[in-house]
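Examination of the molecular architecture
One letter stands for each residue in the lines below.
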Amino acid sequence: MTEFLLRHMEDLLDMVDQTGIAASRFLTPAEAVQVEEGMKHKPVSLFFDGGFPDAERCRAIFLAKGEEAYDRAEWFAAIQIQSRSRENLRHQDILGAVMALGIERDTIGDIAVEGPSAALVCLPELGDYIAEHLIMAGRAGLSLERIPIEELPDQRETYRIKAASVASLRLDAILSAAFGVSRAKAAALISAARVNLDHQLCLQPAKELKEGAILSVRGLGRAKLLEIGGLSKKKRLFVKIGLYSRSGGG
């Protein structure tokens, strides 16, 4: 965990002692992993919530130890976006337009885009400001409306299942099987710092994976090791891999 992130989490822990609840800004998946690891022995209850189902960017919600309930409407603002001309919107245009308002990236969660419609999540104190001032994204004029957090579209990731057999559970072997590249190419991608394992950069081709491991390969996509099966007659391991696609965007 970076020093800044660690200090931020310690400030939130102090707030929990005073008020019983506190929340971070929106964390990247890598930051969420660091926070979860760094806070696992602290005397608090920790939840990750990004507003959307299966959100990529989430807030760390800290509650007093043993507590589980919180009002999500107090910690998120949700905004529905519509292109006035009905032309398709683009994630990068919306994000760029939001940040052009002087808003920092970690105050905005995921942005889900589908055709001429989109939705975004932000810190609650920014909801009215964005809804009033975000009028253009790229060349598209926008119509915005705040909506209840429960009405956000479902942007859960879906995947197609790929069955394969591998010589081992090494990172390069699973990457090769998942994306249909050679072991040498897989190793080169890892060495070029293009591969994240469970949201952390991994430079070890020989790293052994476990069920549930998530691979992100810049330029190729995302995959998850869903299942490790038995051995073939040639002593190769049967595996099932999920290749992801997401409706909308992060």
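Residues numbered from 1 in each chain as written. Predicted model: local features only at pLDDT ≥ 70, side-chain atom pairs only at ≥ 80, totals over all residues. Heavy atoms only, no water.

This part covers the nonpolar core. The biggest cluster of nonpolar side chains holds 26 residues, and the ones touching the most others in it are I174, L175, L209 and I241. Secondary-structure elements contributing two or more residues to this core are β9 (157–166), α5 (171–179), α6 (183–191), β10 (195–197), β12 (214–217), β13 (221–231) and β14 (237–246). Broken down by element, the residue count for this core peaks at six residues, all from α5. With near-sequence residues (within four places) excluded, L209 lies in contact with L169, R170, L171, I174, L197, L215, L225 and I228. With 22 residues, the next largest nonpolar core counts I94, V98, L120 and I130 among its residues. (Core = buried A, V, L, I, M, F, W, Y, C linked by side-chain atoms within 4.5 Å. Buried < 20%, exposed > 50% of the residue type's maximum accessible area, 1.4 Å probe, protein only. Helix = DSSP H or I, 4+ residues; strand = E, 2+ residues; numbered from the N terminus. Contact = heavy atoms within 4.5 Å.)

Right, let's get into the sheet that holds strand β7 (residues 136–137). Adjacent strands of a sheet pair through backbone hydrogen bonds, lying either parallel or antiparallel. Spatial strand order, β5-β6-β4-β8-β7: five strands in an open sheet with antiparallel pairing. Two strands lie at the open edges of the sheet, namely β5 (108–114) and β7, each paired on one side alone. Alignment of strand β4 (residues 77–83) against strand β6 (residues 117–122), held across six bridges, turns out to be antiparallel. Bridge pairing in β6 places Q82 opposite S117. (Pairing = 2+ DSSP bridges.)

Attention now goes to the packing of aromatic side chains. For any pair of aromatic rings, geometry is given as the distance between the ring centres together with the angle between the planes. Scanning the entire structure with this criterion turns up three aromatic pairs. Both rings, one in F47 and one in Y70, keep their centres 6.2 Å apart while their planes meet at 50°; by these two values the pair is tilted. Note that F47 is positioned in strand β2 (residues 44–49) and Y70 in the loop between β3 (58–64) and β4, a separation of 23 residues in sequence. For the pair Y159 and Y244, a centre-to-centre distance of 5.4 Å together with 75° between the ring planes defines the contact as edge-to-face. Within this pair, whereas Y159 is found in strand β9, its partner Y244 is found in strand β14, the two being separated by 85 residues in sequence. The cationic tip of R222 hangs over the ring face of Y244; the distance from NZ or CZ to the ring centre is 5.3 Å. (Phe/Tyr/Trp six-rings, centres within 6.5 Å; stacked < 30°, edge-to-face > 60°. Lys NZ or Arg CZ within 6 Å of the ring centre and 35° of its normal.)

Running from N to C, helix α1 (residues 3–19) and helix α2 (residues 29–39) point in directions that differ by 55°, and their axes come no closer than 11 Å. The orientation of α1 relative to α2 falls into the category oblique. Like other packed secondary-structure pairs, α1 and α2 cross with a definite hand, here right-handed. The segment α1 lies against α2, with L5, M9 and L13 engaging E31, Q34, V35 and M39. Split by residue class, the contact of α1 with α2 holds five nonpolar, one polar and one charged. (Axes fitted to C-alpha atoms, helices over the stretch in contact; angles between N-to-C directions. Parallel < 35°, antiparallel > 145°, perpendicular 65-115°, else oblique. Left-handed = near helix turned anticlockwise from the far one by under 90°. Nonpolar A, V, L, I, M, F, W, Y, C, P; charged D, E, K, R; others polar.)

Attention now moves to a negative patch on the surface. A cluster of acidic side chains, namely D71, E74, E145, E150 and E151, defines a negative patch on the protein surface. Examined against the element boundaries, D71 turns out to sit in the loop between β3 and β4. The exposure class assigned to D71 is partly exposed, which follows from its relative accessible area of 43%. (Patch = residues over 30% accessible without salt bridge, like charges linked within 9 Å, V, L, I, M, F, W, Y side chains within 5 Å. Areas by Shrake-Rupley, 256 points an atom, 1.4 Å probe, with all protein chains shown as cover. Salt bridge = Lys/Arg side-chain N within 4 Å of Asp/Glu carboxyl O. Lys, Arg positive; Asp, Glu negative; His and termini not counted. Charge placed at Lys NZ, Arg CZ, Asp CG, Glu CD.)

A few words now on unusual backbone geometry. For R86, which is not a glycine, the phi torsion comes out positive at approximately 70°. For R86, the location among the structural elements is in the loop between β4 and α3 (91–99). Looking at R86, the relative accessible area reads 54%, which means it is exposed.

This paragraph deals with the sheet that holds strand β1 (residues 21–27). Spatial strand order, β1-β3-β2: three strands in an open sheet with antiparallel pairing. Sheet topology places β1 and β2 at the edges, where each strand pairs with a single neighbour. Each strand of the sheet is rotated relative to its neighbour by a mean of 20°, with strand direction disregarded. Both β1 and β3 contribute to a ladder of five bridges, which runs antiparallel. Of the residues in β3, the one forming a bridge with I21 is L63. Running over the sheet, α1 touches β1, β2 and β3 and is turned about 155° from β1. Contacts from α2 reach β1, β2 and β3 within the one sheet, and its direction differs from that of β2 by about 170°.

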